[in-house]
Amino acid sequence: MLKMVAGTGAAAMTLSSCKSLESSPKRAATGGRINHSVAYWCFSPYWDLDKTCQISKALGCKSVELVGPDDFPTLRKYGLVCALAPNGLPDPPFVKGFNNPKYHEMLIASTRKSIDACADYGFPNVIAFTGSREDIPDDVGAANCVKGLKNIIGHAEKKKVNLCLEILNSRVDVEMVGHPDYQGNHTDYCIDIVKQVGSPRMKLLFDIFHVQIMDGDIISRIRQYKDYIGHYHTAGNPGRGELDDKQEINYHAIMEEIVKTGYKGYVGHEFIPTRDPLEGLTEAVRVCDV
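These remarks concern the structure in this document. (Residues numbered from 1 in each chain as written. Predicted model: local features only at pLDDT ≥ 70, side-chain atom pairs only at ≥ 80, totals over all residues. Heavy atoms only, no water.)

With that settled, the discussion passes to the side chain of Ser-110. Take Ser-110: it is sitting in helix α6 (residues 104–121). According to the relative accessible area criterion, Ser-110 is buried, its value standing at 10%. Discounting residues that sit within four places of it in the chain, Ser-110 has contacts with Asn-87, Gly-88 and Leu-89. (Helix = DSSP H or I, 4+ residues; strand = E, 2+ residues; numbered from the N terminus. Buried < 20%, exposed > 50% of the residue type's maximum accessible area, 1.4 Å probe, protein only. Contact = heavy atoms within 4.5 Å.)

On to the environment of Ser-114, then. Relative to the helices and strands, Ser-114 resides in helix α6. Remark: the alpha-carbon pair of Ser-114 and Asn-125, spanning 11 residues in sequence, is separated by 9.2 Å. Polar side-chain contacts of Ser-114 include one of 2.9 Å to the backbone oxygen of Pro-86. (Polar contact = N/O pair within 3.5 Å; in protein donor to acceptor, adjacent residues only side chain to side chain.)

Next up on the list: the sheet that holds strand β2 (residues 63–65). Two strands in a sheet stick together by hydrogen bonds in their backbones, pointing the same way (parallel) or opposite ways (antiparallel). Pairing within the open sheet is parallel, and its seven strands lie in the order β2-β1-β7-β6-β5-β4-β3. The sheet is open, and its two edges are formed by β2 and β3 (125–128), each paired on a single side. Averaged over all pairs of adjacent strands, the angle between strand axes in this sheet comes to 30 degrees, irrespective of strand direction. Helix α4 (residues 49–59) rests against β1 (35–39) and β2 of the sheet, and its axis sits at about 140 degrees to β2. (Pairing = 2+ DSSP bridges. Axes fitted to C-alpha atoms, helices over the stretch in contact; angles between N-to-C directions.)

Moving on, we come to helix α12 (residues 277–288). For α12, built from 12 residues, the straight-helix expectation of 16 Å at 1.5 Å per residue is met to within 8% by its first-to-last C-alpha distance of 17 Å. For α12, the complete set of buried residues consists of Pro-277, Leu-278, Gly-280, Leu-281, Thr-282, Ala-284, Val-285 and Cys-288. The N-cap of α12, judged by a side-chain oxygen 2.9 Å from the amide nitrogen of Leu-278 a few residues on, is Asp-276. (Expected span 1.5 Å × (residues − 1).)

This next bit is on the pairing of strand β5 (residues 202–207). Of all six residues making up β5, six are buried, and the element is well covered by its neighbours. Burial of the side chains of β5 extends over both faces: Met-202, Leu-204 and Phe-206 are buried on one face and Lys-203, Leu-205 and Asp-207 on the other. Pairing between strand β4 (residues 162–166) and β5: four bridges, direction parallel. From the neighbouring strand, Cys-164 faces β5, where its bridge partner is Lys-203. Of the crossover connections in this fold, the one passing from β4 over helix α8 (residues 187–197) to the parallel β5 is right-handed. (Right-handed = clockwise from strand over helix to strand, strands pointing away.)

Within the structure shown, the criterion is met by 10 salt bridges. As a salt-bridge pair, Arg-275 and Asp-244 come within 3.2 Å of each other at their nearest N and O atoms. Placement of the pair is Arg-275 in the loop between β7 (266–269) and α12 and Asp-244 in the loop between β6 (229–234) and α11 (251–260), with a sequence separation of 31 residues. In this structure Asp-244 comes out as buried when scored by relative accessible area, which is 13%. Here the residues in one salt-bridge network are Asp-244, Arg-275, Glu-279 and Glu-283, joined through shared partners. (Salt bridge = Lys/Arg side-chain N within 4 Å of Asp/Glu carboxyl O.)

Here's what the structure looks like:
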C-alpha cells in the first residue's frame, strides 16, 4: 500500500509543498459540526506520524485513523483519537475477510486484539471487511460474514467498541483506487450483513467515494441507512484524489445531510494526494466543515 502511494504521490511533491510543511497550517475546521479524521496511510509517504498529528491538530481535526495500537500513545500525546482502527491483519487487510470461514479464527483473534486496544484508549471503531470473493457465491459469502461477525460482536458489545464493515468498489481496476474481486461491493449487500448480525455495535463504514462508484444516490442512501452508519470516508471521484472542483461529488451538500441525520461520529479523509498534501488536506477539511 505504502509503496503504491509513494510511487504515485512522491512525484507530486514539489518545492512549494515542501515549503508548506515548514509553516504552521491554519485552522480549517471551525464549524464544530463535523468531527474530522485523517487516514494516515494516505499521508505517510510525506509525513511521519508525529508530523501528521501536528498538522491534523493545527487544522482542527480530532483524529488520525488507521494506525495500530503501537501508535496509540503518539495520538494520545497530541490529544487525538484513532476514529477507526485497523483489524490487525498485514497489508492488504481487505483481501482475507469474513466471507471465507478459513480466515475466521485468524480474523476473530486479530479483531479481538484491536477491540481491546481501542477499549483501553476509549477509541470508537475497528474496521471489518467481507474479503475477496475467491469464487465464493454472494449469498454464501454473506452468510459466512454473518456467522463470523456474530462470533466477535459480543466482545465488541462488552468493550463498547463498534465494528464497521466497509463497502469497497469493484469497478476500478487501479491499485488502492478500486478492488475488483471484493465481495462487499454494494451498499445494500453490506447493510444486509449488518442487519443480520443484529447488534447496535455492528455498523457500516460508508465510504462516499466507493458508494458513488458502485451505487450513487449518496444523500438518499445516507437518509435511508443513517441508523446503521458508524463511520464515513471521503475522496474525490474519479481517481480518489482531492475534494476539489475537478471531481464530481458534492461534499458540502453531503456533509450538510450527515449533520441533519444527527450523526456524531467521525468523517475520515482518505484521498490519495496528487499535489501538495497539506494544501489538499486543508481544502478537504474546509469543504466538509459545514
